[in-house]
Amino acid sequence: MHPTRLTAAVAALALSASLATALAGPAAAAPKEQPVPPGQGRSLALAAADTAAASGLDELRHGADEDLVRTSVTPWSNGLYYAAYQRTYKGLPVHGGGDAVVLSDSSGKVRDVTGAPAPALKLATTARVTSAAALATARGRLAVVESASAPELTVLLKAGKPVLAWHTLVVGRTAKDVPSSLDTYVDARTGKVAQATDKIRHADGRGYHNGNVTIDTAAGSMTDTSRGGFKCGGQNGSAYTGSSPWGNGGANDLVTACVDIMYAAQRESDMLKEWFGYNGINGQGGMVPARAGLSQVNAYYDGTKTTYGRNQNGTNQLTGIDVVAHEYGHEIFDRTPGSAGSSNENGGMNESTGDIFGALTEHYANNPNDTPDYTVGEELNFTGNNQPIRNMYNPSLINNDPNCYPQLTSGTEVHAAAGPQNHWFYLLAEGSNPGGGKPSSPICSGGPSSVTGIGIQKAGKIFMGALLLKTSTWNHPAARRATLTTAKNTYGATECNAVKAAWNAVGVPAQSGETDCGGTTNPDFSLSLNPSSGSAQPDTSVTTKVSTSTTGGSAQTVQLSASGAPGGVSVSFDPASVTSGNSSTMTVKVAAGTPNGTYPITVTGTGSATHTVTYQLTVGSGTPPTGCDNSEYTYRGTLASGQAAVQPDGSYYYAASTGTHTGCLRGPAGTDFDLYLQKWNGAGWVDVAVGGTAGADEDTSYRGTAGYYRYVVHAYSGSGAYTLGLSAP
């Protein structure tokens, strides 16, 4: 057996807490009081999300050699979960498009899907250029290299076309002695740089101190072990050492600068947890380290650290709350799904994200030395005129930055391009005429007559939730759609309508498929396939289950249809229409003489809305193996190497009496598939029988008492279709 690989694979499995899919028959009857596996809401949510991804629901459509691999899960309010997926092609990660996020709930319903557009992929995956040569090319872009990550072979989508490329992050300084962090892709066929984007987002801020504050450090160093080893020190990267009280309060004392940095960063991390339920700046309880003492008028985040310099006159360090929170706002943007894009619009939204988190952190900290506001760098005196460098309630007051989305062009400088989203956030939080000494905010042409704010805490949570729906092609229209989805699912119609009014007020128009903020739940449904792929020889057929669920309003009739089948292949449904919440059997018949190959078939469900999923049909090869004919129940599926699946149907079954449980796994030739029978012990699932030989086929037999059981099929190495037969007492 292979316990290490199994543990990693099963950790990502979602199981259903419902016994609806339990084995049929008298022996499978559940008792009145049933033990419930832990995390049942999360399990149901992730099962729904994974099924949507595998089925290619709507924007999640992907080709035969492509997979959507779940990379992160973020729990949210009201039993919601954001599951992020990266597209892969023949096992290689795809960058620049094709990534996706599914929002699902603890009842097992898909609330929303969002995916970055990507073309159908077809390219050779053998590199002609070595990783060492690619790394040398990437390092050559900078005059001084501080660090460089090991190159990873990827598929880069550049201008809508796939390029096999080596990906590496090179951190250092340019020939002009400017800090740089180049996210670099070197063409693996030609050796030339295909794309290089500087991740450094320069942001200026205030150089004042926050007074006597409490910070979390180790006894002898400026290291915070409670937040993932976050530390602050000088330009050599080492944390400052000493003891409390840290610093001397001097304007240019660098230990004092680190006190300011750690105070602001820790308050930002606490704000994310307390206000939003989000686990710190990187989503895992930590954040990148910080360095003080840069001998330039600058502060920046480069993907590996934040760095802070001095102001124009050299009178203090740039370590104010809004500056520090701005830089760590870039890390939030970078670490949420979709990371940071390369367009100016995406860059402007990245800058705006930093400004928004700066304002949020100031309001959370409520430090008397820095009254909460919606301006950036207001005490810096960066240009000698005692003005802030950005204004959120009226961006045009600074350098005539754009207030409105229609003012943006592809050439708008990224800091100026922060204006429309900053303006939107102020309107959402405070409104157009908030009163109470807060400034009024203008409304762009064509917008509503006024906007009523919902408060900065609600506005911030909606914005944070929207970032969890972000993809690599993030822009203002996508942000509008994501914030509406988050507002409606997190709060309700009132907050959703406020989000809509604020976007209208800055000129971002309504988007196709965006959430309807109506006070009642609008009727909708979701669609999935199990399995989402199958194989058949000519003159045979294959079936799959088309499942529907009601995701909004009342159950409705869903008409099923199929398109895209090649000549010689017919598709039928039994029944042809279902009431949402029910399922249909789809039969794919392959006529004699049908050419071998893999064919995507689009399955469409039509009701109050239209949704699609994709079934991948392979003709002539890959037929699921047989040999479990004597089993009571048979289940089939397809796994990629390293993946695992729970059977029956992602759930478990109940045996009401003592007896023998037999499992029969038949995997693809030349692979190593393993089979595990697990029993619920009241606190967790434990292995009770294991088939773990180094081959494709496994058989297990276990005599056990009454209880809950499930099987786990694990593709230790190799990919393909499998058949699982099982019998139970």
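Everything that follows concerns the structure shown earlier in this document.
Keep in mind the model is a prediction, meaning the values are calculated, not measured.

**With respect to the pattern of salt bridges**
- Summed over the entire model, instances satisfying the criterion amount to 20 salt bridges.
- With its nearest N and O atoms 2.8 Å apart, the salt bridge here joins Arg87 to Glu66. With a gap of 21 residues between them, Arg87 in strand β2 (residues 80–89) and Glu66 in strand β1 (residues 66–75) connect regions that are remote in the sequence.
- Residue Arg87 is classed as buried on the basis of its relative accessible area of 4%.
- In this structure, the salt-bridge partner of Asp105 is Arg111, at a minimum N-O distance of 2.8 Å.

**A few points about the environment of Val170**
- Mapped onto the secondary structure, Val170 falls in strand β8 (residues 161–173).
- Under the relative-accessibility criterion, Val170 is labelled buried at 0%.
- Sequence spacing of Val170 and Glu146 is 24 residues, and the spatial spacing of their C-alpha atoms is 7.7 Å.

**Thoughts on the state of the cysteines**
- All chains considered together, the criterion is met by three disulfides.
- The partner cysteine of Cys404 in its disulfide is Cys444, sulfur to sulfur 1.9 Å. For the disulfide bridge between Cys404 and Cys444, the dihedral angle about the S-S bond is near -95 degrees, and by the sign convention the bridge is left-handed. One end of the pair, Cys404, is in the loop between β18 (390–391) and α7 (419–430); the other, Cys444, is in the loop between α7 and α8 (456–467), with 40 residues separating them in the sequence.
- Shown here is the disulfide that connects Cys496 with Cys517, its sulfur atoms set 1.9 Å apart. Handedness of the Cys496-Cys517 disulfide follows from its S-S torsion of about -65 degrees: it is left-handed. On the criterion of sequence distance, the pair formed by Cys496 in helix α10 (residues 493–505) and Cys517 in the loop between α10 and β19 (524–530) is long-range, its members being 21 residues apart.

**Some details on the sheet that holds strand β28 (residues 633–639)**
- Spatial strand order, β28-β36-β31-β34: four strands in an open sheet with antiparallel pairing. With partners counted over all chains shown, the strands left at the sheet margins are β28 and β34 (697–704), one partner each. For this sheet, the mean inter-axis angle between neighbouring strands, taken without regard to orientation, is 15 degrees.

**Looking at unusual backbone geometry**
- Each neighbour pair has its own omega, and for Asn530 with Pro531 the value is 0 degrees, a cis peptide bond.
- By the element assignment, Pro531 lies in the loop between β19 and β20 (533–536).
- With an omega of 0 degrees, the peptide bond between Asp574 and Pro575 qualifies as cis.
- As for its position among the elements, Pro575 is in the loop between β23 (569–574) and β24 (577–579).
- The phi angle at Lys90 is positive, at roughly 50 degrees, despite the residue not being glycine.
- Residue position: Lys90 is located in the loop between β2 and β3 (92–95).
- Of note in this structure, Ala159 is not a glycine but carries a positive phi near 55 degrees.
- Its place among the elements puts Ala159 in the loop between β7 (152–158) and β8.

**What to know about the packing of aromatic side chains**
- The final tally for this structure, using the stated rule, is 18 aromatic pairs.
- Each ring, one from Trp424 and one from Phe463, has its centre 6.3 Å from the other, and the planes form 45 degrees; the classification is tilted. Of this pair, Trp424 sits in helix α7 while Phe463 is found in helix α8, placing the two residues 39 residues apart along the sequence. Neither Trp424 nor Phe463 differs from the other in exposure class; each is buried.
- A centroid spacing of 4.8 Å and a plane angle of 55 degrees characterise the contact between Tyr654 and Tyr708, whose relative ring orientation is tilted. Here Tyr654, found in strand β30 (residues 653–655), pairs with Tyr708, found in strand β35 (residues 707–717); they are 54 residues apart in sequence, far enough to count as distant.

**Re the packing of helix α9 (residues 476–490) against α10**
- At a closest axis distance of 7 Å, the pairing of α9 and α10 adopts a crossing angle of 165 degrees. It follows from the interaxial angle that α9 and α10 lie roughly antiparallel. In this structure, α9 crosses over α10, and the sense of that crossing is right-handed. Every residue of α10 that contacts α9 at His476, Ala479, Arg480, Thr483, Leu484, Ala487 and Lys488 is listed here: Ala493, Glu495, Cys496, Val499, Lys500, Trp503 and Asn504.
- The residue inventory of the contact of α9 with α10, partitioned by class, reads seven nonpolar, three polar and four charged.

**Topic: the packing of helix α4 (residues 254–276) against helix α5 (residues 321–335)**
- Two elements in contact, α4 and α5, have axes whose closest approach is 9 Å; the angle formed by their N-to-C orientations is 55 degrees. It follows that α4 is oblique to α5 by the angle criterion. Considering the relative orientation of α4 and α5, their crossing is right-handed. Contacts from Ile261, Tyr263, Ala264, Ala265, Glu268 and Leu272 in α4 reach Ile321, Val324, Ala325, Tyr328, Gly329 and Ile332 in α5.
- Residues that form the contact of α4 with α5 fall into these classes: 10 nonpolar, one polar and one charged.

Analysis parameters
- Residues numbered from 1 in each chain as written.
- Predicted model: local features only at pLDDT ≥ 70, side-chain atom pairs only at ≥ 80, totals over all residues.
- Heavy atoms only, no water.
- Salt bridge = Lys/Arg side-chain N within 4 Å of Asp/Glu carboxyl O.
- Helix = DSSP H or I, 4+ residues; strand = E, 2+ residues; numbered from the N terminus.
- Buried < 20%, exposed > 50% of the residue type's maximum accessible area, 1.4 Å probe, protein only.
- Disulfide = S-S within 2.5 Å.
- Pairing = 2+ DSSP bridges.
- Axes fitted to C-alpha atoms, helices over the stretch in contact; angles between N-to-C directions.
- Phe/Tyr/Trp six-rings, centres within 6.5 Å; stacked < 30°, edge-to-face > 60°.
- Parallel < 35°, antiparallel > 145°, perpendicular 65-115°, else oblique.
- Left-handed = near helix turned anticlockwise from the far one by under 90°.
- Contact = heavy atoms within 4.5 Å.
- Nonpolar A, V, L, I, M, F, W, Y, C, P; charged D, E, K, R; others polar.

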